[in-house]
Amino acid sequence: MTDERERRITIGEVAIASALIVWRLAAGSPAGWWKDWILVVAAFWIFARIKPGSRAQPVAAALVMSYLLGIYLLGQAPLALFVFGIRP
Amino acid sequence: MILGLAALLVANAASLLGAQAIARRTSTGKPHLDAVLVLLVRLALISAVVLLAGVTRTLNGPVLGGVGLVALLLLARSFTRPTFPDFGRLLAVLAAVVAVRLLLQVWFFAPSNYDATSYHLTKVAEWIRAGGFTHEMGVDTHTPFPAGFELLETWWVVFLRHDVLIEMAGVEMLVLCAAGAYALAREVNLTERSAAWAAFLTVMTPGLHLSATSCLNDAAVAALVVVTMAFVLARAPWSWIALAVGIGLGLKPTYGYALPGVVLLHLLVRRNPTLAEPPREISCGFAVAGAAIGAFWYVRNALWFGSPIYPVGTRGLTGQDGTLKIQFGPSPANAVGNILDVLQTRVYDDFTPYGPLLIHISGWGAVGFACGLLALPVVLRDDPPLRKIALAFAVSFLSILTLVNPDPWFMRFVLFFPALLSIAVVKFLEAHRPAVGVVAAALAFQFLATFVPADLTWKEARTLAGLPWRGRSSAVLKGTTLPPADSVAYFIAERQTNRGESYVLYGPDFSHRVVYLRGTTASEIRAELEREKPRHLYRCQGTPVEAPLFQECLRQGFLKESGARYYEVVLR
């Protein structure tokens, strides 16, 4: 791909991710933003495109995934324990 | 029992050898595709044999075992040892642990899910008892649905005449799903080891994993969608695709709902070189087998009930209370609602524990949510084949969500989607190694949380495990016992919105006859009882004793309560 084409794709992806962020900020209540996975993924997507070769990206990915895993476990882990007869 | 076990082993060995011999004649030189084809042909052979035996009323262990023995003797010399790719030691150990756990789940679980005990397995029970296909399939409105997966379940019970191994049918489909995901991953240029990890992550998806041992057909449909996508992406021979599509349509119409994505993928890769076509007789054989296995149920319904999609009509299927149970045709409004529901709610998996029905959850698991959804948009950029696959999966996903009712359990119709997320995760990890630990933690959670499904709690599973295997039945979990006599009538007041548990009345060895009552007045029910002469009547768990029709039966005095929702039939 040419540099110009690469640049256009990057702009397109950042635009899509930004639109997702705007949608979630408009549609969700501020109290729920912290656990909105679309906001998190869109923000990371923009970061990955703006800083494609960044050495911080793998670590940032691990941190963001950990955050999402935390959100997920808050919801499913108590339910999973319930199946085993454990009430947290 | 020993003879039955021998027949089971012989017939399974014969089907594998037969599949291997047929698939060898159409080898593509791509081991990952050839392996999928062997599994698919075995599935086709089993389906064809059970279909044929069902139609000719020779559906019993000795006949099928005898056929298997002859085939085995003819094919014994053709065996070639399969070569397995390099999984790496860690994955081999993990896969072995999961395989052992699946076998234990098969052994200790008994069919308990209401969909299974109300309409999927009642067919199997009637077929086994009659030694062939029967008009009587149970009283549930859903019994006429396509029963391709039930053919495979029948295969796993017919030799022992016992349902202790019935969940093996789902496990087999999970293996097919793993092979399909592996082939798909190889086609998007993952290494053998990475593709194997993608396959492992796919089958560890909680919704898919627990569906496999629940006697429901959704894991089977997911497997066939993944396999079809892999074949189309690889430009496999048209007859392979025809076979997969036929088997898929015979499993459940929701497979057909996913086909727009398959067609799109075909258009996207149509300029890629095709793989070698097999000999004409093989191509024709695959096409005929696929058409027959897929069309059988629709033709049967057209002949028996006047519509290939009976009981669904052009207005869908509604319950007695007028609510829509099954949607007919696309609904843009439902599509938008379903998609928003998935994105904003279900994907969090925070409403119910993992289970086969996925009530208000996606079942995509921690890996899919925390890792897959993050990885997917990032890895698509540099990978054209993966972009095509993602687009095709997205179209299939949207197509299904446009065609299904916004009910609590629609996510089980899109269980193929986690295969894409799994491939994305593995691709992502190639450039983001620090995230491996997070994926490992998420996977560990999923493993721990998939020992038992939501509808069979740990306590209930322990209760089942404590029973001797010959008498292992979920009747005990439903507050009842096996019938006190060898013939029992089944009473359910509302059968369009309520699922029942009539399957458990047959007993795990199918030794009890179940008489389905369809009368709408007490006099009609009495007449049915007089005609069929069951000694007891069983009142379905979902039918309260206060139900007006049941009360009328009690008032007429031909039912005498005998405990555990059983009533002695007293006809004078």
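Scope of this entry: the structure provided in the associated data block.

This brings us to the sheet that holds strand β3 (residues 487-491) of chain B. All names here are of chain B. Taken together, the five strands give an open sheet; going across it, the order is β4-β3-β5-β7-β6, and neighbouring strands pair in mixed fashion. Of all the strands in the sheet, just β4 (513-516) and β6 (559-563) have a single pairing partner and so form its edges. Between one strand axis and the next, the sheet turns through 35 degrees on average, direction left out of account. Note that β3 and β4 share four bridges and pair parallel. Within β4, the residue paired with Ala489 across the bridge is Val515.

It is worth spelling out the packing of aromatic side chains at this point. Residues and elements named next belong to chain B. For the structure on display, the rule yields 33 aromatic pairs over all chains. Each ring, one from Trp107 and one from Trp469, has its centre 5.8 Å from the other, and the planes form 40 degrees; the classification is tilted. Taken together, the residues Trp107 in helix α4 (residues 89-108) and Trp469 in the loop between α20 (458-465) and β3 connect sequence positions 362 residues apart. Exposure remark for Trp469: the relative accessible area of 24% places this residue in the partly exposed category. Relative to Phe416, the ring of Phe393 has its centre 5.6 Å away and its plane inclined at 65 degrees; by these criteria the two rings are edge-to-face. Here Phe393, found in helix α17 (residues 384-403), pairs with Phe416, found in the loop between α17 and α18 (417-431); they are 23 residues apart in sequence, far enough to count as distant. Phe393 sits in the buried class, given a relative accessible area of 0%. On the accessibility criterion, Phe416 (2% relative accessible area) is buried. Chaining the aromatic ring pairs together yields one cluster made of Trp364, Phe393, Phe397, Phe416 and Phe417. Sitting over the ring of Tyr114, Lys478 keeps its end group 4.0 Å from the ring centre.

Attention now moves to the pairing of β3 of chain B. All names here are of chain B. The buried count for β3 comes to five of five residues, which makes it a mostly enclosed element. Alternating residues of β3 divide into Ser487, Ala489 and Phe491 and Val488 and Tyr490, and every residue in both groups is buried. Pairing of β3 with strand β5 (residues 536-539) involves four bridges; the strand directions are parallel. Directly across from Phe491, in β5, lies its bridge partner Arg539.

Listed as interface residues are 35 residues of chain A and, on the opposing side, 39 residues of chain B. For the pair chain A and chain B, the summed buried area comes to about 3200 Å², and 73% of that belongs to carbon and sulfur atoms. Taken together, the connections running from chain A to chain B amount to three salt bridges. In this structure, Arg381 of chain B and Glu6 of chain A form a salt bridge, with 2.8 Å as the shortest nitrogen-oxygen distance. In this assembly, chain A and chain B are joined by 15 residue pairs in polar contact (both at pLDDT 80 or more).

What follows concerns the pattern of salt bridges. Side chains that carry opposite charge are capable of pairing whenever their charged atoms lie near each other. A full pass over the atoms with the stated rule returns 24 salt bridges over all chains. Salt-bridge contacts for Arg193 of chain B lead to Asp86 of chain B; the nearest nitrogen and oxygen are separated by 2.7 Å. Of this pair, Arg193 of chain B sits in helix α8 (residues 192-203) while Asp86 of chain B sits in the loop between α3 (61-75) and α4, and the two are 107 residues apart along the sequence. Overall, the relative accessible area of 41% leaves Arg193 of chain B in the partly exposed class. For Lys123 of chain B, the salt bridge is made with Glu150 of chain B, and the minimal N-O distance between the two is 3.3 Å. Here Lys123 of chain B, found in helix α5 (residues 114-130), pairs with Glu150 of chain B, found in helix α6 (residues 148-158); they are 27 residues apart in sequence, far enough to count as distant. Taken individually, Lys123 of chain B and Glu150 of chain B each receive the classification buried, so the pair is uniform in this respect. One network of salt bridges, in which partners are shared, links Glu6, Glu13 and Arg49 of chain A together with Arg381 of chain B.

Before going further, it helps to spend a moment on a nonpolar patch on the surface. Nonpolar side chains collect at one region of the surface, where Val299, Leu303, Trp304, Phe305 and Tyr310 of chain B lie side by side and expose about 470 Å² of accessible area between them. Residue placement: Val299 of chain B occurs in helix α14 (residues 280-305).

Turning our eyes to something else, we now look at the environment of Val347 of chain B. As for its placement among the helices and strands, Val347 of chain B is situated in the loop between α15 (332-344) and α16 (365-380). Put simply, Val347 of chain B and Phe369 of chain B are 22 residues apart on the chain and 6.8 Å apart in space, counted from C-alpha to C-alpha. With sequence-adjacent residues up to four places away left out, Val347 of chain B is seen in contact with Trp37 and Tyr72 of chain A together with Val342, Ser362, Trp364, Phe369 and Leu373 of chain B.

About the cut-offs
- Residues numbered from 1 in each chain as written.
- Chains lettered and ligands numbered in written order.
- Predicted model: local features only at pLDDT ≥ 70, side-chain atom pairs only at ≥ 80, totals over all residues.
- Heavy atoms only, no water.
- Pairing = 2+ DSSP bridges.
- Helix = DSSP H or I, 4+ residues; strand = E, 2+ residues; numbered from the N terminus.
- Axes fitted to C-alpha atoms, helices over the stretch in contact; angles between N-to-C directions.
- Phe/Tyr/Trp six-rings, centres within 6.5 Å; stacked < 30°, edge-to-face > 60°.
- Buried < 20%, exposed > 50% of the residue type's maximum accessible area, 1.4 Å probe, protein only.
- Lys NZ or Arg CZ within 6 Å of the ring centre and 35° of its normal.
- Contact = heavy atoms within 4.5 Å.
- Buried area = accessible area lost by both parts, 1.4 Å probe.
- Salt bridge = Lys/Arg side-chain N within 4 Å of Asp/Glu carboxyl O.
- Polar contact = N/O pair within 3.5 Å; in protein donor to acceptor, adjacent residues only side chain to side chain.
- Patch = residues over 30% accessible without salt bridge, like charges linked within 9 Å, V, L, I, M, F, W, Y side chains within 5 Å.
- Areas by Shrake-Rupley, 256 points an atom, 1.4 Å probe, with all protein chains shown as cover.

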